[in-house]
Amino acid sequence: MARFDKYLDILHKKLLGRFSVPFWSPRYSAHMIMDTSMPATLGYFATMLYNPNNVAVEASPITTVLELEAGKQLCKLLGFRLASKTTVYGFGDKPGEPTIEPDYGPDQISAWGHITSGGTVANIEALWAARNLKFYPLALRNAMRSDEELHYLEDKFKLRTCNTDKEQNLISKTMKEITAWELLNIRVDDILDIPRRLYEEHNISPATLQRSMDKHGIQNVGQATMVENYAKYGETIKPMKVLFSSTNHYSWPKACALTGIGSENMIPIPVDDNARIDLKELQKVLTHCKDNEVPVCAVIGIVGSTEEGAVDEIGALDIRMDINHSFYSIRHCDSVTIDPHKSGYVPYAAGALCYRNEKMRHLLTWSSPYISRDNEPESIGIYGVEGSKPGAAAAAVWLSNCVIGEALFTSSMFSAHWAAIQTEGKGYKNEFKVVPFNKLPGENPGESTEEIQKDIRKYIHGKENKEILASPTALNLLKRLGSDLTINCFAVNFKVGKDDKVWNKDVEMANRLNSSVVKRMTSVYPLQDPTDIEFFLTSTEFRQSVYQKCADTFKKCLDLEIESGVDLFVLRNVVMSPYTTTDRFLDTLVDAFGKIVDDEIGRLIPFSDPAHAKTHRFLVQGSTENSASVYLIYLPRFFMANSSNQLIISAILDSESQEKRRQLPDCRFFLETSEEMTFSDLVESTDLKATLVWGKIKEDRAEEDKNMNATASSMSTVINQSLRATHREKEYPERMPFYIYGSGRENEGVHISHILLKAPNTMLCADRLTITLKNESNEKKQQLHDSLARGCVAVTNKPERLWQPLTNGQSIFTPAEDVDVLIFKDWEADKDALKGKQTDETRESKALFVAKLSGFKSVYSESKELNDNGRHGRRWDLKKNDWVVVEGGDGPSGLYQNWLKHLHDAQR
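Residues numbered from 1 in each chain as written. Predicted model: local features only at pLDDT ≥ 70, side-chain atom pairs only at ≥ 80, totals over all residues. Heavy atoms only, no water.

Colleague: Outline the overall build of the protein, supporting the account with residue identities and numerical values.
Modeller: In terms of helices and strands, the protein carries 29 helices and 30 strands. Each principal axis of the C-alpha distribution contributes one length, and for the protein these read about 105 × 70 × 65 Å. The positive charge centre, built from 109 side chains, and the negative charge centre, built from 124, are 1 Å apart in the protein. (Helix = DSSP H or I, 4+ residues; strand = E, 2+ residues; numbered from the N terminus. Lys, Arg positive; Asp, Glu negative; His and termini not counted. Charge placed at Lys NZ, Arg CZ, Asp CG, Glu CD.)

Colleague: Tell me about the sheet that holds strand β8 (residues 296-299), and please be specific about residues and values.
Modeller: On the basis of which strands lie adjacent, the open sheet formed by three strands has the order β7-β6-β8 and parallel pairing. Every interior strand has two partners, whereas the edge strands, β7 (266-269) and β8, have only one. Recorded for the sheet is a direction-independent mean angle of 20° between the axes of neighbouring strands. In this structure, strand β6 (residues 241-245) lies alongside β7, joined through four bridges in parallel fashion. Among the inter-strand pairings, serine 245 is bridged to a residue of β7, identified as isoleucine 269. Sheet strands in contact with helix α4 (residues 119-143) are β6 and β8, and its direction is about 145° off that of β8. (Pairing = 2+ DSSP bridges. Axes fitted to C-alpha atoms, helices over the stretch in contact; angles between N-to-C directions. Contact = heavy atoms within 4.5 Å.)

Colleague: Could you give an account of the sheet that holds strand β9 (residues 335-338), naming the residues involved and the relevant values?
Modeller: Strand order in the open sheet formed by three strands is β3-β10-β9, with antiparallel pairing between adjacent strands. Since the sheet does not close on itself, it has two edges, and those belong to β3 (112-116) and β9, each with one partner. Each neighbouring strand pair of the sheet contributes to a mean axis angle of 15°, computed without reference to strand direction. With five bridges connecting them, β3 and strand β10 (residues 351-355) associate as antiparallel partners. Bridge assignment links glycine 113 to a residue of β10, and that residue is cysteine 354. Packed on one face of the sheet, helix α3 (residues 61-78) meets β3, β9 and β10 and runs near 115° to β3.

Colleague: Give me the lowdown on the nonpolar core, citing residues and values where you can.
Modeller: One finds Leu127, Leu138, Phe157 and Leu198 to be the most contacted residues of the largest nonpolar core, which totals 57 residues. The element best represented in this core is α4, accounting for 14 residues. If you look at the next biggest cluster of nonpolar residues, it comprises 44 residues, including Val434, Phe494, Ile601 and Leu604. (Core = buried A, V, L, I, M, F, W, Y, C linked by side-chain atoms within 4.5 Å. Buried < 20%, exposed > 50% of the residue type's maximum accessible area, 1.4 Å probe, protein only.)

Colleague: Before we move on, can you summarise unusual backbone geometry with the specific residues and values?
Modeller: Here tyrosine 348 and alanine 349 are connected by a cis peptide whose omega angle stands at 0°. Mapped onto the elements, alanine 349 comes out in the loop between β9 and β10. Cis geometry marks the peptide bond from alanine 759 to proline 760; its omega dihedral reads -5°. Mapped onto the fold, proline 760 is located in the loop between β23 (750-754) and β24 (763-773). Look at glutamine 168: it is not a glycine, yet its phi comes out positive at around 65°. When you line up the elements, glutamine 168 lands in the loop between β4 (158-164) and β5 (170-174).

Colleague: Residue-level account of the pattern of salt bridges, with values.
Modeller: What the rule picks out here adds up to 43 salt bridges. In this structure, aspartate 193 and lysine 359 form a salt bridge, with 3.5 Å as the shortest nitrogen-oxygen distance. Note that aspartate 193 is positioned in the loop between α6 (188-192) and α7 (194-202) and lysine 359 in the loop between β10 and α13 (391-403), a separation of 166 residues in sequence. Overall, aspartate 193 belongs to the buried group, its relative accessible area being 18%. Look at lysine 359 and you get partly exposed, because its relative accessible area is 32%. (Salt bridge = Lys/Arg side-chain N within 4 Å of Asp/Glu carboxyl O.)

Colleague: Which residues make up the side chain of serine 246, and what are the values?
Modeller: Tracing the backbone through its elements, the reader meets serine 246 in the loop between β6 and α10 (251-258). Of the residues examined, serine 246 reaches a relative accessible area of 10% and is grouped as buried. When near neighbours in sequence (up to four residues on either side) are disregarded, serine 246 contacts Pro268, Ile269, Pro270, Val271 and Val546.

Colleague: Describe in detail the packing of helix α8 (residues 206-216) against helix α9 (residues 218-232), supporting the description with residues and values.
Modeller: Relative orientation of the contacting elements α8 and α9 amounts to 40°, with a least axis distance of 6 Å. The residues of α9 that touch α8, namely those facing Met213, Asp214, Lys215 and His216, are Ile218, Asn220, Val221 and Met226. Residues that form the contact of α8 with α9 fall into these classes: four nonpolar, two polar and two charged. (Nonpolar A, V, L, I, M, F, W, Y, C, P; charged D, E, K, R; others polar.)

Colleague: Outline the pairing of strand β30 (residues 882-885), listing residues and values.
Modeller: Here strand β29 (residues 874-877) runs beside β30; their pairing, made up of four bridges, is antiparallel. The residue bridging arginine 874 from the neighbouring strand is valine 885, located in β30. Two successive antiparallel strands, β29 and β30, enclose a turn made up of four residues, where asparagine 881 displays a positive phi of approximately 55°.

Colleague: Which residues make up the environment of cysteine 765, and what values go with them?
Modeller: Mapped onto the elements of the fold, cysteine 765 is located in strand β24. Distance in space between the C-alpha atoms of cysteine 765 and serine 863 is 12 Å, their sequence separation being 98 residues. Dropping the residues within four chain positions of it, cysteine 765 is found in contact with Leu619, Gln621, Ile633, Ile752, Ser753, Ser858, Val859 and Tyr860.

Colleague: I'd like to hear about the environment of asparagine 775, residue by residue, with values.
Modeller: On the secondary structure map, asparagine 775 appears in the loop between β24 and α24 (778-790). Sequence separation between asparagine 775 and valine 850 is 75 residues, and the spatial gap between their C-alpha atoms is 8.4 Å.

Colleague: Would you mind going over helix α1 (residues 2-19) in detail, with residue names and values included?
Modeller: For α1, spanning 18 residues, the distance from its first C-alpha to its last is 24 Å, which sits close to the expected 26 Å at 1.5 Å a residue. Among all positions of α1, only Ile10, Leu15 and Phe19 are buried. (Expected span 1.5 Å × (residues − 1).)

Colleague: Describe a nonpolar patch on the surface, with residues and values.
Modeller: A cluster of nonpolar side chains, Met1, Phe4, Leu8, Leu11 and Leu16, forms an exposed patch at the surface whose accessible area comes to about 550 Å². Within the element layout of this structure, leucine 11 appears in helix α1. For leucine 11, a relative accessible area of 42% gives the class partly exposed. (Patch = residues over 30% accessible without salt bridge, like charges linked within 9 Å, V, L, I, M, F, W, Y side chains within 5 Å. Areas by Shrake-Rupley, 256 points an atom, 1.4 Å probe, with all protein chains shown as cover.)

Colleague: Can you tell me about α7, naming the residues and giving the values?
Modeller: The set of residues buried in α7 consists of Ile194, Pro195, Arg197 and Leu198. Looking straight down α7, one finds its buried side chains confined to an arc of 165°; they lie on one side. Asparagine 203 occupies a position one or two residues after α7 and carries a positive phi of about 60°. (Arc of directions from axis to C-beta.)

Listed below in structure tokens is the structure:
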């Protein structure tokens, strides 16, 4: 018992009780998690003591029934029809009052649902069923070919095709007449009715049908064999497609892979500006598939996307106020996955899958559907992906559905605050704006939203709930705000400059601000007390490849540029608690958010303002023999506006500094400006007072403690190329290019610096290299000398695209190697000449010079500072009220090691 008491105390007091995230608190508005409901918690707790396993009815006689009852509740909630005269609880006007379904007649299709461990499993199972459904008629056709047991039905059994006659009636064909393409497009309910028809019209018993499907069914033979069999008869079955919005949940690629469809056969449909699937684009794809006889396995609609809370127009209604019609249209879907462990306030893990036609579930078994199941116990485990699963989850869902709530009002209230956040009179030092992803009523990108914001502040801000509920104007306004459900996406932008401030245009700077804000409003770090966090938020990313025009529209609303195609970091608040608006507590949360935003903008200004003065640092390249001429290679940072240029300057270094370089040939030298200055002033300078810093070549910068005063004169710019996102390329180059400069003379050599075309990247420089021309002549040497003096481009044979992203310290050159290079005048002008498959002779014919570089004894490589966005490797320390460098690494691995250390310490 002593050991038990010790570890129970560790678990409760030192771990869970101290560091668990307070999902129950109105302060929490991050992920779709909240305190579970009392009915769900008690239902789960009471049932888990008996540990029933819903894999078989013998192991869970009560909870199997509860799971089937919970399935009925969810089906009814979705608008599916239950079997005639079915009794279901949870929909009556009074507690314990049942609802009885009408008598729909003997041929009415009825629904069925069951509990899964989550949405991912439910999605996999739904696609598995859809795939099996699609192949069922094809398998039946094979079962009726010559020499098969059911061959005599080949010219007797008919199926309705999707083709119509002149009177628009569906055309029926025998299995002998029907084509593979027509079989792939039989209506769902007609497919599911095949076993009944075979029994009633032709006396084919379930056992006989099962015997035939065991031989030909997709579950047994697999897709490849099915396709091969039809190819023998001259019919081609193309790979079937799955269509869904480009913002699809990560479970769908898994589902496509596991069902054998393959994720390459997913067709992402672009989304509109509201992140809903674009119906016009969907229609185009469906028409293309139809015209080219490409089978479509499933079209996935989302009623509440994970990231944005967007509701696809299930009923094809393109009106913001008609979201309810999309919910109403769910009843026409063939299957629906739903998560009670999210907006159902049920403990994890409890997802669900519901079929409009209950016969769908038999497609996942290895037995034929029974014609009658009267008085037979039904084991749910045979119908899904999972075998063993807790009966407690089913009990929790059932009991919760019988008793309870909603949070849409709170979500709209949050949206009202994001849309018209109050910044005046708050003491903020910086000017910023919060822009909701969902546009305000009547809003267009680039147009003022001042009038609607005034109305929000007048009728909603600062008002108690009872005042808002009593105001038709306020309620009408709330109905038009926010996302389709309870997820609000938004982002912050800020103004830069000293006098005439303008909105920041740089997406990466906005990303840094928003990521810094959310890092301060979350709790994942060891020894971080969650009670110190005033407001919890989470985030997502609008990837340009996924959101496309939708992301561009949102960027425009934020006054950000769209040319770079940089992905956009977005904040999210997920509303689960109905209590956040009580006593204007929401105002407190928004104020806490505003203070953090203002503080982070103050920290970001030095990074985001190109005119902000700072000290600058150069790598010194060049010969130390008979010349004071050097090249100063600027050490840039991608994500620092006043340092984001690749700059190479030729200069004269003072004699004492050059003498020091001669005395210490094994050291690396850097030049740092003595005073802070803007980058533009630096470029315009012809003379510079600086500090010369040096250290052993293998030493890092932290050990460079030797320095002396220095001056650089006769400064002239050789290369000055912006590294801002709008100037970068979308892809890494196939071969690694370098700026190459110098004289090329034997005692001076040439120098190179890696062209930074895409982030992340590595600053890679080498100096005093020997260059050897192919087909060398005196004329060629002079031409090379003139070109190097102006600076040009050397494209190596190093495969940059395959190697990127490079790591800090990764070896690229070895001292003894010779590197083949093609020398061109300018990267922008000549890069297209290198694209595509070409022979070496073709590439060489386009170059100014063909040469070899050797003598890689002094190579400088650095990527950490170049790629530092100011937050990599740092965490917010609540006690120090500052960002601190992480010891032992950042990211999932480092975080795990931090927690593991704390766990070990707690046991001592």
